[in-house]
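# Understanding the architecture of this molecule
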Amino acid sequence: MSVAPGGALLVVGDVVTDVVARHRGPLAAGTDTAASVRRLPGGAGANVACWAAHEGCPEVRLLGRVGTDACAWHERELAACGVRPLLVVDDAAPTGTVICLVDTADSAERTFLTDSGASLRLGPDDWSDALLDGVGRLHLSGYLLFSEPSRALVSVALSAARARGVPVSLDPASTGFLTELGVDRFLGLVEGVDVLLPSRDEACLLTGLPDAADAAAKLSRHVPLVIVKQGAEGALVARSGSVSARVPAVTASPRDSTGAGDAFTGAFLAALLAGAEPGEAAAAGCRAGARAVERVGGRPPRTAGRRAADG
C-alpha cells in the first residue's frame with residue numbers, strides 16, 4: 001500500500017453541535033448537579049478534518065449534512081480551523097446535537113447522548129466523483145455506517161475512490177452503534193478500506209478478543225493497515241496479521257477526552273499525506289491526542305486570525 005505523498009484530504013462525516021457539561025462526581029438523580037456547560041462545534045468527521053488542518057495538511061475538505069438552524073455557524077467554525085466546508089443543508093432535519101457529560105473526577109471520562117439529526121441523512125445524492133479531484137486520501141467517519149442513506153454513500157464513495165486509486169481510511173466510531181449494527185455486517189461494509197482506526201474497545205469488540213494487540217493483528221488480516229488507539233497506553237500498528245509497532249502515549253493532564261480519538265486520526269492522516277511511515281504517523285497522532293484531552297471540546301486551538309465568533 002505504497003502511496004505517493006501529497007494531495008488534499010477529503011473527509012466525509014458528521015457535523016454536529018456539542019453541548020459539553022463538565023461535572024464532578026456522579027450525577028444527582030432527580031435533582032440538580034452543578035456543571036460548567038458550553039456549546040461547541042463538533043462531530044467526529046468535522047473534528048478529524050480540523051485536526052488534520054491544524055497538523056499541517058495543506059488542503060482539507062469536509063462533506064457533511066446540517067440543518068438550516070446552524071449551517072452558517074458551522075461553516076464559519078470549520079473555515080476558522082482551515083477546513084473547506086462542503087455542507088449540504090437539510091430543510092427537513094435539524095443539525096445533529098450531542099450532549100457530552102464529562103466527569104471531571106474520573107479522568108475526564110465522557111458519556112454521550114446523541115441526536116444525529118441531519119448528519120445521518122447524508123446520502124449518495126450528496127456525492128459527486130468530482131469531490132475526489134486532487135484528493136490524496138479519503139477518510140470516512142464510521143458514523144456513516146449507522147443509517148441506510150449514509151451506508152449507501154459509503155458504498156458509492158469507496159467505489160469511486162478505488163477507481164481513482166485513492167486510499168480510504170475509516171474510524172469505527174462507537175462501540176454502542178457497532179453492537180447495534182453487528183460485527184459481521186460492519187466488516188462487510190468496510191471491505192475495500194485501506195486503513196482502519198479503531199479504539200481498543202472497538203478493536204476488541206470487532207474481533208471478540210480481549211487483548212488489544214491480538215485484536216489489532218486479527219483485524220489486519222481484513223484491512224491492510226490497522227491502527228488501534230489506546231489512549232494513555234499509546235497506539236498499535238498492525239499489518240498482515242501481526243503488530244509491527246507499539247507507539248507510546250504522550251503524558252497529558254486530562255480535562256475532557258471528547259474528540260481525542262478524532263485528534264489522533266486527523267494528525268495521523270496529515271502525517272501520512274506528508275509522507276510519514278505509519279509508525280511515525282501514529283506518534284503524531286499520540287501527540288495530538290494528548291493535546292486534545294487537555295482542552296474542552298473536540299477541536300484544536302485556533303491560530304491568530306482564525307477565530308470565529310460563536311453564533
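Residues numbered from 1 in each chain as written. Predicted model: local features only at pLDDT ≥ 70, side-chain atom pairs only at ≥ 80, totals over all residues. Heavy atoms only, no water.

## Observations regarding the confidence of the model for the protein
On average, residues of the protein score 91 in pLDDT, and 95% of them reach the 70 mark or higher. Note that residues 304-311 has pLDDT below 50 and, in this model, 18 contacts with residues that lie over four places away or in other chains. (pLDDT = per-residue confidence, 0-100. Contact = heavy atoms within 4.5 Å.)

## Re the pattern of salt bridges
Scanning the model with the defined rule gives nine salt bridges in all. Where Arg291 meets Glu55, a salt bridge forms, and the shortest distance between an N and an O atom there is 2.4 Å. Note that Arg291 is positioned in helix α9 (residues 278-293) and Glu55 in the loop between α1 (44-54) and β4 (60-67), a separation of 236 residues in sequence. A salt bridge links Asp171 to Lys229; its shortest N-O distance comes to 2.6 Å. In this pair, Asp171 sits in strand β9 (residues 168-171) while Lys229 sits in strand β11 (residues 225-229), placing the two residues 58 residues apart along the sequence. Judged by its relative accessible area of 8%, Asp171 is buried. Among the residues examined, Lys229 registers a relative accessible area of 11% and is labelled buried. The network of salt bridges with shared partners includes Arg65, Asp90, Arg121 and Asp126. (Salt bridge = Lys/Arg side-chain N within 4 Å of Asp/Glu carboxyl O. Helix = DSSP H or I, 4+ residues; strand = E, 2+ residues; numbered from the N terminus. Buried < 20%, exposed > 50% of the residue type's maximum accessible area, 1.4 Å probe, protein only.)

## Overview of the sheet that holds strand β1 (residues 8-12)
The strand order across the open sheet built from nine strands is β5-β4-β1-β8-β9-β10-β11-β12-β13, with neighbouring strands paired in mixed fashion. What marks the edges here is a single partner per strand, and that holds for β5 (83-90) and β13 (242-247). In this structure, β4 lies alongside β5, joined through eight bridges in parallel fashion. Looking at the pairing, Val66 lines up with Val89 of β5. Relative to the sheet, helix α3 (residues 148-164) contacts β1, β8 (135-141) and β9, its axis offset from that of β8 by approximately 160°. (Pairing = 2+ DSSP bridges. Axes fitted to C-alpha atoms, helices over the stretch in contact; angles between N-to-C directions.)

## With respect to the sheet that holds strand β3 (residues 35-42)
Reading across from one edge, β3-β2-β6-β7 is the order of the four strands in this open sheet, with mixed pairing throughout. Strands at the two margins of the open sheet, each flanked by one partner only, are β3 and β7 (109-115). Neighbour to neighbour, the strand axes of the sheet diverge by 20° on average, direction disregarded. Two strands pair when backbone bridges link them, and strand β6 (residues 96-103) and β7 are joined in this way by seven bridges, in the antiparallel orientation. By the bridge assignment for β7, Val102 is matched with Arg110.

## Overview of the layout of surface pockets
When its volume is computed, the largest pocket comes out at roughly 1400 Å³. Arg110, Ser199, Ser257, Ala260 and Gly261 are, among the 49 residues lining the largest pocket, the residues nearest its centre. For the lining of the largest pocket, the elements supplying multiple residues, two or more each, are β2 (16-23), α1, β6, β7, α4 (175-181), α6 (200-207), α8 (260-273) and α9. (1 Å grid on protein atoms, 1.4 Å probe; cavity = no way out; pocket = protein on both sides within 12 Å on 5 of 7 lines; lining within 4 Å. Points joined across faces, edges and corners; volume = space filled by probe spheres on them.)

## Observations concerning the packing of α1 against α8
Following both chains from N to C, one finds α1 and α8 inclined at 45°, their axes separated by 7 Å at the closest point. It follows that α1 is oblique to α8 by the angle criterion. Where α1 crosses over α8, the two elements pack in a sense that is right-handed. Residues Ala44, Asn47, Val48, Trp51 and Ala52 of α1 form the contact with α8, whose own contacting residues are Asp262, Ala263, Thr265, Gly266, Leu269 and Ala270. Classifying every residue of the contact of α1 with α8 by side-chain character gives seven nonpolar, three polar and one charged. (Parallel < 35°, antiparallel > 145°, perpendicular 65-115°, else oblique. Left-handed = near helix turned anticlockwise from the far one by under 90°. Nonpolar A, V, L, I, M, F, W, Y, C, P; charged D, E, K, R; others polar.)

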